[in-house]
Amino acid sequence: MIRTSFTKWFVLLSLSISVALTSCQKDEEVKDINAVKTATSKDSVSSVNIINTPGNFLAGKGTLKVTIEDSTYTFDASQDSIAFINVHNGDDKYFGITAINKAHNMSFGISSLGLASVKNSSDVAGSQFLFKVDDKKPLLQYTLTRYAGQQDFGKIDMDQYNHDNIIAKGTFFTFLAKDDKSDSPFYRVEGSFELQLK
C-alpha cells in the first residue's frame with residue numbers, strides 16, 4: 001500500500017516538475033515585450049531558456065519510446081516535454097523519466113530507487129502511462145502492478161548518463177495494469193530513451 005501511494009505521488013510530482021520546467025523562463029533575459037511574444041508563440045523547448053536544477057534535465061532533443069499492447073508511442077523532445085529527474089526524499093534517492101506530449105493528452109513516467117549510473121541495471125520503483133480525452137477524465141490509465149510476480153517490477157538500464165550533450169540513453173521494461181486488482185491482466189511495457197540537451 002505504501003509503495004502504491006508513493007508511486008502515485010512520485011509520478012504526479014514528476015509530471016508537475018516537467019510542466020514547470022517547460023514553462024520556466026528567466027525574467028532577466030527578456031529584452032522587450034516582442035521577445036516574450038516570440039518565445040510564447042512557439043511551442044518548443046528550444047524557444048525558451050530552461051532553468052535546470054542540478055541533476056534534473058529537460059531534453060531539447062531526442063526521443064522516449066514506449067511499447068504496450070502491440071502499440072509504440074513516441075515522445076519527441078523537439079515538440080513534447082521530456083525530463084530526466086532526480087528526487088531526494090530524506091535518505092531515499094530516486095531517478096526517473098517523465099514525459100507529456102504537446103497536446104497534453106498522453107503522459108508517461110518511470111522511476112527507480114537509487115542514483116542514476118551508467119552500465120547499471122536498476123529496479124523499477126514506479127511507473128504510470130496516462131491517455132486523456134479531455135481535462136476532466138482520463139480515458140485510459142496504466143499503473144505499476146504489485147501482482148507482476150516475485151517483486152519483479154522491471155528494470156531501467158542506462159548506457160549513457162550526463163556526458164557531454166547526452167542526458168541519458170538506455171532501455172527499460174516494467175509491468176503495468178489498467179487497475180490494481182489481483183486478477184487484472186498486466187502488460188509488459190518496454191521502451192527506450194535517448195535524451196540530449198540540444
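Everything below is about the structure shown above.
Everything quoted here is computed from the prediction, not taken from an experiment.

Rules and cut-offs
- Residues numbered from 1 in each chain as written.
- Predicted model: local features only at pLDDT ≥ 70, side-chain atom pairs only at ≥ 80, totals over all residues.
- Heavy atoms only, no water.
- Helix = DSSP H or I, 4+ residues; strand = E, 2+ residues; numbered from the N terminus.
- Buried < 20%, exposed > 50% of the residue type's maximum accessible area, 1.4 Å probe, protein only.
- Contact = heavy atoms within 4.5 Å.
- Areas by Shrake-Rupley, 256 points an atom, 1.4 Å probe, with all protein chains shown as cover.
- Phe/Tyr/Trp six-rings, centres within 6.5 Å; stacked < 30°, edge-to-face > 60°.
- Lys NZ or Arg CZ within 6 Å of the ring centre and 35° of its normal.
- Core = buried A, V, L, I, M, F, W, Y, C linked by side-chain atoms within 4.5 Å.
- Pairing = 2+ DSSP bridges.

### Points about the overall build of the protein chain
Here comes step 1: Tallying secondary structure elements over the protein chain gives 2 helices and 11 strands in all.
Here comes step 2: Tracing the protein chain from N to C terminus, the helices and strands come up as α-α-β-β-β-β-β-β-β-β-β-β-β.
Here comes step 3: Counting all 198 residues of the protein chain, 42% fall into the buried class.
Here comes step 4: Put simply, 53% of the contacts in the protein chain that link residues at least 6 apart link residues at least 24 apart.
Here comes step 5: Only carbon and sulfur atoms are counted for the fraction: they give 50% of the accessible area of the protein chain, which is about 10,900 Å².

### Thoughts on the packing of aromatic side chains
Here comes step 1: Per the stated rule, a full pass over the model turns up 12 aromatic pairs.
Here comes step 2: Members of the aromatic cluster, connected to one another through ring pairs, are Tyr73, Phe108, Phe129, Phe131, Tyr142, Phe172, Tyr187 and Phe193.
Here comes step 3: In this arrangement the basic side chain of Arg188 is found over the ring face of Phe173, its NZ or CZ atom lying 4.1 Å from the centre.

### Focus: the nonpolar core
Here comes step 1: Ranked by size, the top nonpolar core spans 33 residues in total, and within it Leu64, Phe84 and Phe129 carry the most contacts.
Here comes step 2: Residues within four places of Leu64 in sequence aside, it is in contact with Tyr73, Thr74, Phe75, Ile82, Ile97, Ala99, Phe108, Phe172, Ser192 and Phe193.
Here comes step 3: Leu58, Val87, Tyr94 and Ala125 belong to the second largest nonpolar core, which has 6 residues in total.

### Observations regarding the pairing of strand 2 (residues 61–68)
Here comes step 1: Residues Gly62, Leu64, Val66 and Ile68 line the buried face of strand 2, whereas the alternating positions Lys61, Thr63, Lys65 and Thr67 sit on a face that is not buried.
Here comes step 2: Note that strand 2 and strand 11 (residues 186–196) share 7 bridges and pair antiparallel. The residue bridging Leu64 from the neighbouring strand is Phe193, located in strand 11.
Here comes step 3: Where strand 2 and strand 3 (residues 71–76) come together, 6 bridges link them in antiparallel fashion. Each bridged residue has a counterpart across the sheet, and for Thr67 the counterpart in strand 3 is Thr72.
Here comes step 4: Between strand 2 and the antiparallel strand that follows it, strand 3, lie 2 residues; Glu69 among them carries a positive phi value of about 45 degrees.

### Some remarks on the environment of Asp152
Here comes step 1: In this structure, Asp152 sits in the loop between strand 8 (138–144) and strand 9 (154–163).
Here comes step 2: Taking relative accessible area as the criterion, Asp152 reaches 33% and is therefore assigned partly exposed.
Here comes step 3: In this structure the C-alpha to C-alpha distance between Asp152 and Thr174, which are 22 residues apart in sequence, comes to 8.4 Å.
Here comes step 4: With residues up to four places along the chain from it excluded, the contact list for Asp152 reads Phe173 and Phe175.

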